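# Topology and contacts: notes
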Amino acid sequence: KAGVTQTPRYLIKTRGQQVTLSCSPISGHRSVSWYQQTPGQGLQFLFEYFSETQRNKGNFPGRFSGRQFSNSRSEMNVSTLELGDSALYLCASSLRDRGHYEKLFFGSGTQLSVL
Amino acid sequence: KQEVTQIPAALSVPEGENLVLNCSFTDSAIYNLQWFRQDPGKGLTSLLLIQSSQREQTSGRLNASLDKSSGRSTLYIAASQPGDSATYLCAVICGATNKLIFGTGTLLAVQP
């Protein structure tokens, strides 16, 4: 069974540009959540999607957005990039049936560098 | 506001030693707690999940305990090996959501 797949693995962008990251969850998983990891702030929650609906959102500016498709694949977009957006972006998936708490499975991440 | 802290921040031990990593959280109203390991530049690998109603979970050489009332969890690693070298993170879920609140991590080095 394939794990969580994130593409691309590495990205280099310049300030002001926008970027789209992709995440394919484990087959059958309907919940996808996104995290940002930086040396200074550690791991911080961005948002969670379940069945194409955003269920929860972290404390990030509106430049960070996401969506989930009918096949559970998810994308996150960051517009008007800033130097501080340089980070490892991690995606996680789970079965997420209501009231049933499953392990989260993480992808290898997308390393974004903003110059 | 839930805060999760891990002590120590870094730990170096000789191969074969048993060790304990600590995780503390400020709000005891958690749904579950997970332990992860992260290798440099990689994603997270889930090690153990403890539901709020459970006291401990075991997998191979790993044993995790949970004491909600005191806001603490420990990860015990038996007979450590160099391959155990990684950053270990604990994380809690506080509601009907997949929003994990992560600790600060413990960087473990097992010396051969």
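Residues numbered from 1 in each chain as written. Chains lettered and ligands numbered in written order. Predicted model: local features only at pLDDT ≥ 70, side-chain atom pairs only at ≥ 80, totals over all residues. Heavy atoms only, no water.

### Topic: the layout of surface pockets
A volume near 880 Å³ is recorded for the largest pocket. Lining the largest pocket are 31 residues; nearest its centre among them are Gln41, Gly42, Leu43 and Gln44 of chain A together with Phe102 of chain B. Those elements that place two or more of their residues in the lining of the largest pocket are strand S4 (31–38) and strand S5 (42–50) of chain A together with strand S9 (86–93), strand S10 (100–102) and strand S11 (106–111) of chain B. Looking at the lining of the largest pocket, the element that brings in the most residues is S5 of chain A, giving four residues. The class makeup of the residues in the lining of the largest pocket is twelve nonpolar, 16 polar and three charged. (1 Å grid on protein atoms, 1.4 Å probe; cavity = no way out; pocket = protein on both sides within 12 Å on 5 of 7 lines; lining within 4 Å. Points joined across faces, edges and corners; volume = space filled by probe spheres on them. Helix = DSSP H or I, 4+ residues; strand = E, 2+ residues; numbered from the N terminus. Nonpolar A, V, L, I, M, F, W, Y, C, P; charged D, E, K, R; others polar.)

### Looking at the pairing of strand S8 (residues 72–77) of chain B
Residue and element names in this part refer to chain B. Residues of S8 alternate between two faces, with Ser73, Leu75 and Ile77 buried on one and Arg72, Thr74 and Tyr76 left unburied on the opposite face. Examined bridge by bridge, strand S3 (residues 19–25) and S8 share six bridges and lie antiparallel to one another. Pairing of Leu21 across the sheet is with Leu75, part of S8. As defined by bridge partners, strand S7 (residues 62–67) adjoins S8 across six bridges and the pair is classed as antiparallel. In the sheet register, Asn63 faces S8, and the bridge partner there is Tyr76. Counting the residues that bridge the hairpin from S7 to S8 gives four residues, and of these Gly71 lies at a positive phi of roughly 70°. (Buried < 20%, exposed > 50% of the residue type's maximum accessible area, 1.4 Å probe, protein only. Pairing = 2+ DSSP bridges.)

### A short note on the interface of chain A and chain B
Opposite the 20 residues of chain A that make contact, chain B presents 21 residues. Counting every contact that joins chain A to chain B gives two residue pairs in polar contact (both at pLDDT 80 or more). The set of elements that each furnish at least two residues to the side of chain A that touches chain B consists of S4, S5 and strand S9 (87–94) of chain A. Here the side of chain A that touches chain B takes four residues from S4 of chain A, the largest share from any one element. When grouped by side-chain class, the residues that make up the side of chain A that touches chain B number eight nonpolar, seven polar and five charged. (Contact = heavy atoms within 4.5 Å. Polar contact = N/O pair within 3.5 Å; in protein donor to acceptor, adjacent residues only side chain to side chain.)

### Remarks on the nonpolar core
Within the largest apolar cluster, 23 residues are counted, with the highest numbers of intra-cluster contacts made by Phe25, Leu33, Trp35, Leu75, Ile77, Tyr88 and Leu108 of chain B. Sequence-distant contacts of Tyr88 of chain B, defined by excluding residues within four places in its chain, comprise Gln6, Leu21, Phe36, Arg37, Leu47, Leu75, Ile77, Gly105, Thr106 and Leu108 of chain B. Ranked by size, the runner-up nonpolar core spans 21 residues in total, among them Trp34, Phe64, Met76 and Cys91 of chain A. (Core = buried A, V, L, I, M, F, W, Y, C linked by side-chain atoms within 4.5 Å.)

### Points about the sheet that holds strand S8 (residues 74–78) of chain A
All names here are of chain A. The four strands are arranged S1-S3-S8-S7 in an open sheet whose pairing can be described as antiparallel. For this open sheet the edge positions go to strand S1 (5–7) and strand S7 (64–68), each flanked by a neighbour on one side alone. Averaged over all pairs of adjacent strands, the angle between strand axes in this sheet comes to 15°, irrespective of strand direction. Sheet topology note: the strand S3 (residues 19–24)/S8 ladder contains five bridges and is antiparallel. (Axes fitted to C-alpha atoms, helices over the stretch in contact; angles between N-to-C directions.)

### Some remarks on the environment of Cys90 of chain B
Residues and elements named next belong to chain B. By the element assignment, Cys90 lies in strand S9. In this structure Cys90 comes out as buried when scored by relative accessible area, which is 0%. With 68 residues separating them along the chain, Cys90 and Asn22 place their C-alpha atoms 8.8 Å apart. Leaving out residues up to four positions away in the same chain, Cys90 has contacts with Val4, Gln6, Cys23, Leu33, Gln34, Trp35, Ile101, Phe102 and Gly103.

### Here's the deal with the packing of aromatic side chains
When we look at a pair of aromatic rings, we describe it by the centre distance and by the angle of the planes. Counted under the stated rule, the structure contains eight aromatic pairs over all chains. For the cation-ring pair, Arg9 of chain A lies above Tyr10 of chain A, with the distance from its terminal atom to the ring centre recorded as 5.0 Å. (Phe/Tyr/Trp six-rings, centres within 6.5 Å; stacked < 30°, edge-to-face > 60°. Lys NZ or Arg CZ within 6 Å of the ring centre and 35° of its normal.)

### Regarding the pattern of salt bridges
Pairs can form between side chains of opposite charge once their charged atoms are near each other. Following the criterion strictly, the structure yields six salt bridges over all chains and no others. Here Arg63 of chain A and Asp85 of chain A are joined by a salt bridge, their closest N and O atoms 2.8 Å apart. Within this pair, whereas Arg63 of chain A is found in the loop between strand S6 (53–57) and S7, its partner Asp85 of chain A is found in the loop between S8 and S9, the two being separated by 22 residues in sequence. The two residues Arg63 of chain A and Asp85 of chain A agree in class, both being buried. Measuring nitrogen to oxygen at the nearest pair gives 2.8 Å for the salt bridge that ties Asp39 of chain B to Arg37 of chain B. Judged by its relative accessible area of 26%, Asp39 of chain B falls in the partly exposed class. Overall, the relative accessible area of 15% leaves Arg37 of chain B in the buried class. Three or more residues are tied together by salt bridges with common partners; here these are Arg63, Glu82 and Asp85 of chain A. (Salt bridge = Lys/Arg side-chain N within 4 Å of Asp/Glu carboxyl O.)

In short, shape yes, function no, at least from these values alone.
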